[in-house]
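Residues per chain are reported as follows:
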Amino acid sequence: MSSRRIKEALQEPGMATSQDARGQIVAGIMSKWVNLGKGWRPRLFVLKGGVLRYYRVLGPTPPKANLHHIFEVLRSEGPLQLIGAEAGVLEEKWRRSVNGQPTQADLEPLEDAQAEIHLQVADVEASQGDHCKLYIHTNINGITYRIKAETAEDRRAWMEALAGAKAKWGGRTPEVVGALGSTPSTKERTDQDAKLEALQASVRAGLRQRGATADVATYVEGVLREQHEEHRRSMANEGDLRRALQQYVAELEEQRRQLETQVVVESQTDRRPPQPSASARALDVGDAHSDDSGTTDAGNDKYYSDDEQFFECAQSLERPGGSGDSDSGALARLSTGGADSVRASSAVSTGEESDWIKKEGPPPQRRDRLPKPQQAEKSVSLWSILKEVVGKDLTRVCLPVYFNEPLSALQKLAEELEYSEVIDQAMTHPAGSLERLLYISAFAVSGYSGTAQRTSKPFNPLLGETYELVCQEKGVRMLAEKVVHHPTIIAGHCQGRGWSLDADSDVRSKFWGRSIELTPVGTVRLRTEDGEEYLWNKVTSTIGNLILGKIYIDHGGIMKVRNVTAGLTAKMNFKESGGLLRSREQHVVQGTIEKNGQRLAKPTISGKWDESLTAELENGGHLQLWQRNPPPPDPTRYNLTGWAIKLNELTDGLEGKLAPTDCRLRPDQRATELGNYDEANKQKLRLETKQRAARKAADAGETMKPRWFTPKDIPMGEGLAYEYAGGYWEQRARKEWTGCRDIFGD
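Chemist: If you had to explain the overall build of the chain to someone new, which residues and values would you point to?
Modeler: Secondary structure assignment for the chain yields 21 helices and 25 strands. A burial count over the chain gives 48% of its 746 residues as buried. For the chain, the proportion of contacts with a sequence separation of at least 24, taken over those separated by at least 6, is 63%. Carbon and sulfur atoms make up 51% of the accessible area of the chain, which amounts to about 35900 Å² in all.

Chemist: If you had to explain the pattern of salt bridges to someone new, which residues and values would you point to?
Modeler: Evaluation of the coordinates by the stated rule reveals 30 salt bridges. We note a salt bridge from R367 to E673, for which the minimum N-O separation is 2.9 Å. Residue R367 is located in the loop between α13 (355-360) and α14 (382-386), and its partner E673 is located in helix α19 (residues 667-674); the two are separated by 306 residues in the primary sequence. R367 sits in the buried class, given a relative accessible area of 16%. One salt bridge in this structure joins R734 and E736, with 3.5 Å as the shortest N-O distance. Assessed through its relative accessible area of 41%, E736 is described here as partly exposed. Via salt bridges that share partners, E360, E468, K657 and R732 belong to a single interconnected network.

Chemist: An account of the environment of I117 is requested, with residue identities and associated values reported.
Modeler: Mapping I117 onto the fold places it in strand β5 (residues 115-118). Along the primary structure I117 and I140 are separated by 23 residues, whereas in three dimensions their C-alpha atoms are 9.6 Å apart. Ignoring anything within four residues of it in the chain, the contact list for I117 reads G50, V51, L52, A122, I136, T138 and Y145.

Chemist: Residues and numbers for the nonpolar core, please.
Modeler: One finds L501, W536, M559 and F574 to be the most contacted residues of the largest nonpolar core, which totals 65 residues. Here this core takes nine residues from helix α17 (residues 434-446), the largest share from any one element. Other than its neighbours up to four places away in sequence, F574 contacts V445, Y448, V539, H555, G556, G557, M559, V588, V589 and W609. Among the nonpolar cores identified, the runner-up in size contains 21 residues, and V26, L52, I83 and A149 belong to it.

Chemist: Run through the pairing of strand β8 (residues 144-148), naming residues and quoting values.
Modeler: For a regular strand, the rule is simple: side chains alternate between the two faces of the sheet. Burial runs high along β8: four of the five residues are buried. Pairing between strand β1 (residues 25-33) and β8: two bridges, direction antiparallel. In the strand pairing of β8, S31 is matched with K148. Both strand β7 (residues 133-137) and β8 contribute to a ladder of five bridges, which runs antiparallel. Note on β8: the bridge partner recorded for K133 is K148.

Chemist: Any chance you could break down the packing of aromatic side chains for me, citing the residues and the numbers?
Modeler: Summed over the entire model, instances satisfying the criterion amount to twelve aromatic pairs. With 6.3 Å between their ring centres and 85° between their planes, W708 and W737 make a pair best called edge-to-face. Highlighted residues: W708 in the loop between α20 (677-699) and β24 (709-711) and W737 in the segment after α21 (728-734), separated in sequence by 29 residues. Cluster of aromatic residues (ring-pair linked, three or more members): W708, Y728, W729 and W737. Positioned above the aromatic ring of W40 is the side chain of K148, whose terminal nitrogen or guanidinium carbon lies 4.5 Å from the ring centre. Above the ring of Y402, the side-chain terminus of R637 is found at 5.2 Å from the ring centroid.

Chemist: Could you give me a rundown of the pairing of strand β12 (residues 476-484), with the residues and numbers involved?
Modeler: With nine of nine residues buried, β12 lies mostly within the body of the structure. The sheet contact formed by β12 and strand β13 (residues 489-495) spans seven bridges and is antiparallel. Bridge pairing in β13 places A480 opposite G492. Following β12, the chain reverses through four residues before pairing antiparallel with β13.

Chemist: Tell me about unusual backbone geometry, and please be specific about residues and values.
Modeler: Cis geometry marks the peptide bond from H486 to P487; its omega dihedral reads -5°. As for its placement among the helices and strands, P487 is situated in the loop between β12 and β13. Of note in this structure, N639 is not a glycine but carries a positive phi near 55°. Note on placement: N639 falls in the loop between β23 (622-627) and α18 (642-647). A relative accessible area of 26% places N639 in the partly exposed class.

Chemist: Explain helix α5 (residues 152-167) to me, and be specific about the residues and the numbers.
Modeler: Taking 1.5 Å of rise per residue, the 16 residues of α5 would be expected to cover 22 Å, and the 22 Å separating its terminal C-alpha atoms lies within 8% of that figure. All of the buried residues in α5 are D154, R155, W158, A161, L162 and A165. Relative to the axis of α5, the buried residues are bounded by an arc of 130° and lie together on one face. In this structure, α5 carries E153, E160 and A167 as exposed residues pointing more than 90 degrees from its buried face. On the buried face of α5, the contacting elements are β1, β2 (40-48), β3 (51-55), β4 (80-83), β6 (123-126) and β7.

Chemist: How would you explain the packing of α19 against α20 if you had to name every residue and give the values?
Modeler: The N-to-C vectors of α19 and α20 enclose an angle of 165°; their axes lie 8 Å apart at closest approach. Comparing the axis directions of α19 and α20 gives the class roughly antiparallel. Between α19 and α20 lies a crossing whose hand is left-handed. Residue-level contacts link P667, D668, A671 and T672 of α19 to Y677, E679, A680, Q683, K684, R686 and L687 of α20.

Chemist: Run through the side chain of E594, naming residues and quoting values.
Modeler: Looking at the secondary structure, you find E594 in strand β20 (residues 588-595). Taking relative accessible area as the criterion, E594 reaches 15% and is therefore assigned buried. At 3.3 Å, the side chain of E594 forms a polar contact with the side chain of K571. Among all residues touching E594, those that are not within four sequence positions of it are G567, L568, T569, K571 and R599.

Chemist: Give me the lowdown on the environment of L462, citing residues and values where you can.
Modeler: Its place among the elements puts L462 in the loop between β10 (457-459) and β11 (466-471). Among the residues examined, L462 registers a relative accessible area of 3% and is labelled buried. With 281 residues separating them along the chain, L462 and I743 place their C-alpha atoms 7.5 Å apart. Dropping the residues within four chain positions of it, L462 is found in contact with K482, R666, L687, Q691, I743 and F744.

Chemist: Outline the confidence of the model for the chain, supporting the account with residue identities and numerical values.
Modeler: Per-residue confidence for the chain gives a mean pLDDT of 76; residues scoring 70 or more make up 72%. A low-confidence stretch, residues 170-183 stays under pLDDT 50, and its non-local contacts, those more than four residues away or across chains, total 31 contacts. Below pLDDT 50 for its whole length, residues 267-352 participates in 189 contacts with residues either more than four positions away or in separate chains.

Chemist: How would you summarise the environment of L437 if you had to cite specific residues and measurements?
Modeler: Summarising the element assignment, L437 is placed in helix α17. Judged by relative accessible area, L437 falls into the buried class, the value being 0%. With near-sequence residues (within four places) excluded, L437 lies in contact with Y534, V561, L568, T569, A570 and I593.

Definitions and limits used
Residues numbered from 1 in each chain as written. Predicted model: local features only at pLDDT ≥ 70, side-chain atom pairs only at ≥ 80, totals over all residues. Heavy atoms only, no water. Helix = DSSP H or I, 4+ residues; strand = E, 2+ residues; numbered from the N terminus. Buried < 20%, exposed > 50% of the residue type's maximum accessible area, 1.4 Å probe, protein only. Contact = heavy atoms within 4.5 Å. Areas by Shrake-Rupley, 256 points an atom, 1.4 Å probe, with all protein chains shown as cover. Salt bridge = Lys/Arg side-chain N within 4 Å of Asp/Glu carboxyl O. Core = buried A, V, L, I, M, F, W, Y, C linked by side-chain atoms within 4.5 Å. Pairing = 2+ DSSP bridges. Phe/Tyr/Trp six-rings, centres within 6.5 Å; stacked < 30°, edge-to-face > 60°. Lys NZ or Arg CZ within 6 Å of the ring centre and 35° of its normal. Expected span 1.5 Å × (residues − 1). Arc of directions from axis to C-beta. Axes fitted to C-alpha atoms, helices over the stretch in contact; angles between N-to-C directions. Parallel < 35°, antiparallel > 145°, perpendicular 65-115°, else oblique. Left-handed = near helix turned anticlockwise from the far one by under 90°. Polar contact = N/O pair within 3.5 Å; in protein donor to acceptor, adjacent residues only side chain to side chain. pLDDT = per-residue confidence, 0-100.

As C-alpha cells, then:
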C-alpha cells in the first residue's frame, strides 16, 4: 500500500486523532540554504506532531505546493499558529488572486513535503553569529539543515516551538497514538439498532398497506436484519483490518526510530561522530546524496535538483577504507569526540567571556547607515588634479575630501576583522591541522571583500593618530596607530577569543595615468593560545579606468599563509583580470596547500574574494569556508559594507572613553561623514599644515616616537617590524592619556 493510501486510511472519518494528541500546529516561511549556486531559498515549514516538514511554495518553476490549501488542511486538523508575516501575506495574496473562491488545486490531495525531520532524534541549535539563523542536525547520515527566520523574534518563536515539540515526544507520533484502539462506541451501536428498528417498522407498514400477509412481512424483516448484521460484521472486519494496518505502521515507525537512535548512540562512540561541527553546516557534496528515509529532497526525484543535501563533514571527509597519513587523517576528522566535545569546541567562541568583555557591559545599539549629508557635493575635475601628480607618491598630495571616504586608513585595518568569526571557527580545530589552515587562509582573503567597488581614498592618518575598536558581540578589541609618517606605516594589535592578531603595513602608491597601483609592504601575524603562529602577506591592488570607463578595483598576486609551527603553507593566487577584456572570471582566488615545500593534491581552495571561498577535499566533497555578508540597506556612494558603516560611529558614552588621538575625533573626517564638505576641506587643510609644522620641529630635534608600539630591528616585509608595547587599555580604564599629543586641536 502506498504512503498516500496509508495517510488517507489514517484520516478516515471516525478515526481522526484527538485534539489533545495533535496539539498545536506551527507553520511559517523561513529561508533554507540550498547550495552555493542557489543560496538561500524560501520554504514553508510546518511543525506538526513532533515532525518538522517543509514545502516549496515560491520560485519560478514547479513543483510548488499550494500554500492556501496546506493552511486549510492544517486548520481542519487543529489550531494553527503562523510565525512571521510572510506566510500571512502570501495567503492573502492568493485569496485576492482568486476572489476567495476555491480552485481545482484546492481539491487535490495534500502535496508530499520535500523533507520531514523527526525531532525525537534531531538536535536544534541556534546560531551564535546570526540572530536569525538556526541549525537542525538530523543525526541521520550526517544531514544538517541551515535555516534562517525572517527576524530574531521569529527565530525565538521557532526555537520555542521546536523545543516544546521535542520535549513532548513520546516515542510515537501523536497521529498513531490517537488512531490506535479506536472502536465504535456503545452509543453508536445503539443508534444503528434504532435506525434498523425504524426501517423495519417503515417496511412493515408499507407491506400491510399493500395487502402483504404476516408471513411475508416477517420474512422481509428477517432479510433486513440479516443484511444489517452482515453489514455490521463487514464494518467490524474493516475496522479490524484498519487497526491492524495502523498497528503495523506504528511498529514500523517505532523500529525505524529505534534504528535511528541506535545509529546516533553508536556514532557518538566512534572516532567520527555524526554530530556536526559548525564547519559542517556549509558542506555541499556534489554527487553524493543521501536518502533520509525517503522523505528528503534527495529521496524524491522531482525535487532532487532543487534542494541538495548537506552532509556531515566527519563522514564525507573520510577516505575509503579509513586509511591515510597523519595529515589526511586529521582532515578526515573535523571533530574528535561525541556531541559533547563538539559543543565544547565552540567554547572558544561562545564560552567564558574575557574579563574585558564583562567590564564593557552589553554591546551598544549600532547604526546601519550613515547620516544624511548636510550639503550637496561639489563636482571636481579629476583630470585637472591627476595630471599634476603623475609618478608621484599620493600620500604627499593634498586632495579635496571629494576623493575621500569618511574612514581613516586605520579603520581600513579594522575592516579586515569583519569576519573574525572565521578565526574563531579555525580555533575549534586541532593545532597543526589542515582544517585550521584552511579557515585562517579564508580569513586572510576575506579582508578584501569590503574593497569591491570601493574607489574612494581613505583619510591618511596624522602621525600618532590612533583607532580603537571594541566589539563585545564579536569578542574582539583592536588598537591601531600610525607610527611613521613617511613612508606611511600603520601598526595594529587585536585580541580575539583565544588568539591575537598583529600587523604592520606600508602601502606604497603610484599613479600611472590610467590607474593607481597600491603595493602593501608588511606582515600579518596570528598567534593562538595553544602556541601556533601564522604569518601572511598582502597582495597588490589596482584602481583602474580612472580616465575612461567605469572605475574598478582589483587585486593580484600570491598571498602566502604560513603555519610557522607546523610547516604548512597555503598559497592563495589572486588572479587579476584588469584591462579591457575583464570577464566573468574576475576576482577569482585559487589556493593550494604545501607541507614542507611539497604541494598536496588536496585540499584546494577556490572562489572569489568578493563572494565566497570553498575547499575541495580529498574525497571530492566541498566545504564552504567563508561567505560575504549581504550589503547594507544604504551603502551610499562610497559603497561601504555594513561593518564599515559602524566603524566611525560614536555610540553612546564612547567619546568619553576614547584617546584624544582617536580618528573618530578628527574634525575633517567627522565633517565628511556628516556631509559638511566645505568645513571638511577647511579642517583638512588646517590639520595638514599643522602636521608639516610638527615634522619641521621633529627634524630640528624634537623626535616623535610611536606611543603604543615599539619598533623592532626587522626590515618591513621580512617580519613584524612593530610590536604592541601595552598599556593602552589600562590607561583607557583610568581615562588618563599620558604621553598622547594634541594632534587635532587648533
